[in-house]
Amino acid sequence: MRAVIAAGRVPGAARALRAALGPRDPVLRVRALGLDFPGPLGLAAGFDKDARGTAVLGAIGFGFVEVGTVTAQAQPGNPKPRLFRLMADRAIVNRMGFNNHGAAAAAARLSRPGDVIVGVNIGKTKAVAEADAIADYVASARAVAGVADYLVVNVSSPNTPGLRNLQETDRLGPLLTAVREVIGAVPLLVKIAPDLADEDVDAIADLAVALRLDGIIATNTTIGREGLVSGAEEVAAAGPGGLSGPPLRERSLAVLRRLRSRTGDQLVLIAAGGIETPDDAWERLAAGATLVQAYTGFVYGGPFWPRRINAGLARRMRDCPDNETPLSDS
Ligand SMILES: Cc1cc2nc3c(=O)[nH]c(=O)nc-3n(C[C@H](O)[C@H](O)[C@H](O)COP(=O)(O)O)c2cc1C
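My aim in this report is to walk through the structure given alongside it, one point at a time. (Residues numbered from 1 in each chain as written. Predicted model: local features only at pLDDT ≥ 70, side-chain atom pairs only at ≥ 80, totals over all residues. Heavy atoms only, no water.)

1. Details of the overall build of the chain
Inference 1: The number of helices and strands found in the chain is twelve helices and 13 strands.
Inference 2: Against the 2.2 N^0.38 benchmark of 20 Å for 330 residues, the chain shows a C-alpha radius of gyration of 18 Å, consistent with a compact globule.
Inference 3: Along the first, second and third principal axes, the C-alpha set of the chain runs to 50 × 45 × 45 Å.
Inference 4: Each of the 330 residues in the chain was classed as buried or not, and the buried ones make up 57%.
Inference 5: Excluding contacts between residues fewer than 6 apart, the proportion of contacts in the chain whose partners are at least 24 apart in sequence is 73%. (Helix = DSSP H or I, 4+ residues; strand = E, 2+ residues; numbered from the N terminus. Rg over C-alpha atoms; globule rule 2.2 N^0.38 Å. Buried < 20%, exposed > 50% of the residue type's maximum accessible area, 1.4 Å probe, protein only. Contact = heavy atoms within 4.5 Å.)

The following block contains the structure:
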C-alpha cells in the first residue's frame, strides 16, 4: 500500500501504469449496477481502507476498487500484530478491526474524480453500541453516498464484536432500509460471511430480493480453520481473526452457487474468497458471479497479479465467446 501511495504522488504515473497494465481487452467488459466495468476483477475491501490509492490500483488492472471498511468515527483498530501470513496455505489471518480515518475523510479523498469505479464499504464504529448500529451506518452512508459508485453494508467482518449478529434478517432488514433511504439511487449491496448456515444464506437472499437490493458480496473471511496445511502451532500463534485465501475457496463458491440458484437473475453477485488464478475467477463467473474480487491473491501475487488474471480470463473468454462456459452446467 505504501508503494501504491508513492506511485500516486508521481505525476502521470497512474496514466503510464494504466497504459501498461490496465484491463483493455473489450472481451472483459461487464455492464452491471448501471456502470461499465472495464473488467470483472475488483480489489476487495480492506486493502485501500482510506481511499488513498484508488487511481493506481485501478491502473494496475483492477476494474473496480472497493474502499473501506470505513466507519462513521475514525478509529485505530486492534493492537498489533493483527495480520499474519500462513505461507504454506497462501492464506492470511487478520484481526485488523476496521482501522480507518472515518467515512468523512474517505469521502473527501474520493471527491476528486478518478477514472476507476469505486465502491465504498461501510461498517459499525467499535465504540458504538450494537443497539445504535443503524444510526452509525446511516451516518457513514450519508457521508459517502455522493462519491460512491456503489455502497456495501458490511455485516460480516469477524473483528468487531457483535457485528455479524446484524446478519439476522430481523436486524438486517431495518438496517438496509435505513441506509437505502439516505443514499438515493446509489446501488446498495450487502456483504456476508461464509460461516452462515445455508438456511441463513437463503434468508438473506430472500430479504435482498424483497428489499430490491442491488446485490450481495459473497464472502468475507471465515472464523473457521479447517483444511489448513500450516502447522497447528503456527495457526494457534496467529490467534483469532478472519482467515482468507485458498482455504476459503470451496465455501465461498458454495455460498455463491446457493445465492445464484435462490435469486435467479434478480441480483448482482460479487464473488470473493480464495480467488488466486484465472481459473478461479472463471469458475466464479461460470457459477453465476457478475463480478469477482480478491485481496489475498493480490498480496501473494504482487503488483502484476491483476494483469495476469485479466490476461488469463480474456483468453478463456475468447475460447468460449458466448459465455457458455464448460463449467456452467456443473
Ligand atoms: C488484511 C485484510 C483486511 C480486510 N479488511 C476488510 C474490511 O475492512 N472490510 C471487508 O468487508 N472485508 C475485509 N477483508 C475481507 C476481504 O475483502 C475479502 O472478502 C476476503 O479476504 C476474501 O477474499 P480473499 O480470499 O481474496 O482475500 C479483509 C481481508 C484481509 C486479508
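2. A look at the environment of isoleucine 183
Inference 1: Here isoleucine 183 lies in helix α6 (residues 169–183).
Inference 2: Along the sequence, isoleucine 183 and leucine 151 sit 32 residues apart, while their C-alpha atoms lie 8.6 Å from each other.
Inference 3: Those residues in contact with isoleucine 183 that sit more than four places away from it in its chain are Ala141, Ala145, Leu151 and Leu188.

3. A closer look at the site of the ligand
Inference 1: As a matter of local geometry, the ligand sits amid 24 residues, with Ala45, Thr69, Lys191, Gly274 and Thr296 nearest to it.
Inference 2: Interatomic distance of 2.7 Å between a side-chain N/O atom of threonine 69 and a nitrogen atom of the ligand.
Inference 3: Here lysine 191 contributes a side-chain N or O atom positioned 2.8 Å from an oxygen atom of the ligand.
Inference 4: If the ligand stood free it would expose 600 Å²; the protein chains cover 98% of that surface. (Near = heavy atom within 4 Å. Polar contact = N/O pair within 3.5 Å; in protein donor to acceptor, adjacent residues only side chain to side chain. Areas by Shrake-Rupley, 256 points an atom, 1.4 Å probe, with all protein chains shown as cover.)

4. Details of the packing of aromatic side chains
Inference 1: Per the counting criterion, the structure on display carries five aromatic pairs.
Inference 2: Ring geometry for phenylalanine 47 and phenylalanine 298: centres 5.2 Å apart, planes at 55°, overall tilted. Taken together, the residues phenylalanine 47 in the loop between β3 (41–43) and α3 (54–59) and phenylalanine 298 in helix α11 (residues 296–301) connect sequence positions 251 residues apart.
Inference 3: Exposure remark for phenylalanine 47: the relative accessible area of 16% places this residue in the buried category.
Inference 4: Ring geometry for phenylalanine 62 against phenylalanine 298: centres 5.0 Å apart, planes inclined by 85°, an arrangement best described as edge-to-face. On the criterion of sequence distance, the pair formed by phenylalanine 62 in the loop between α3 and β4 (64–70) and phenylalanine 298 in helix α11 is long-range, its members being 236 residues apart.
Inference 5: Given the relative accessible area of 1%, phenylalanine 62 is considered buried.
Inference 6: A relative accessible area of 7% means that phenylalanine 298 is categorised as buried.
Inference 7: Linked through ring pairs, Phe47, Phe62, Tyr295 and Phe298 together constitute an aromatic cluster. (Phe/Tyr/Trp six-rings, centres within 6.5 Å; stacked < 30°, edge-to-face > 60°.)

5. A look at the pattern of salt bridges
Inference 1: In the structure shown here, the tally under the stated rule is 15 salt bridges.
Inference 2: The partner of aspartate 25 in a salt bridge is arginine 318, with the nearest N and O atoms 2.3 Å apart. Taken together, the positions of aspartate 25 in the loop between α2 (13–21) and β1 (30–32) and arginine 318 in helix α12 (residues 305–319) put the pair 293 residues apart, joining distant regions of the chain.
Inference 3: Here aspartate 206 makes a salt bridge to arginine 262, at a shortest N to O gap of 2.6 Å. Here arginine 262 lies in helix α9 (residues 249–263) and aspartate 206 lies in helix α7 (residues 198–210), a separation of 56 residues in the sequence.
Inference 4: Classification of arginine 262 as partly exposed rests on a relative accessible area of 41%.
Inference 5: Through salt bridges that share partners, Asp198, Asp202, Asp206, Arg251, Arg258 and Arg262 make up one connected network. (Salt bridge = Lys/Arg side-chain N within 4 Å of Asp/Glu carboxyl O.)

6. What about the nonpolar core?
Inference 1: Among the nonpolar cores identified, the biggest contains 74 residues, and Tyr137, Leu151 and Val153 are the most heavily contacted of them.
Inference 2: Excluding its chain neighbours within four sequence positions, the residues that come into contact with valine 153 are Ile122, Tyr137, Leu175, Leu176, Val179, Leu188, Leu189, Val190 and Lys191.
Inference 3: In terms of nonpolar packing, the next biggest core, distinct from the first, is built from 14 residues, Leu33, Phe64, Tyr150 and Ile270 among them. (Core = buried A, V, L, I, M, F, W, Y, C linked by side-chain atoms within 4.5 Å.)

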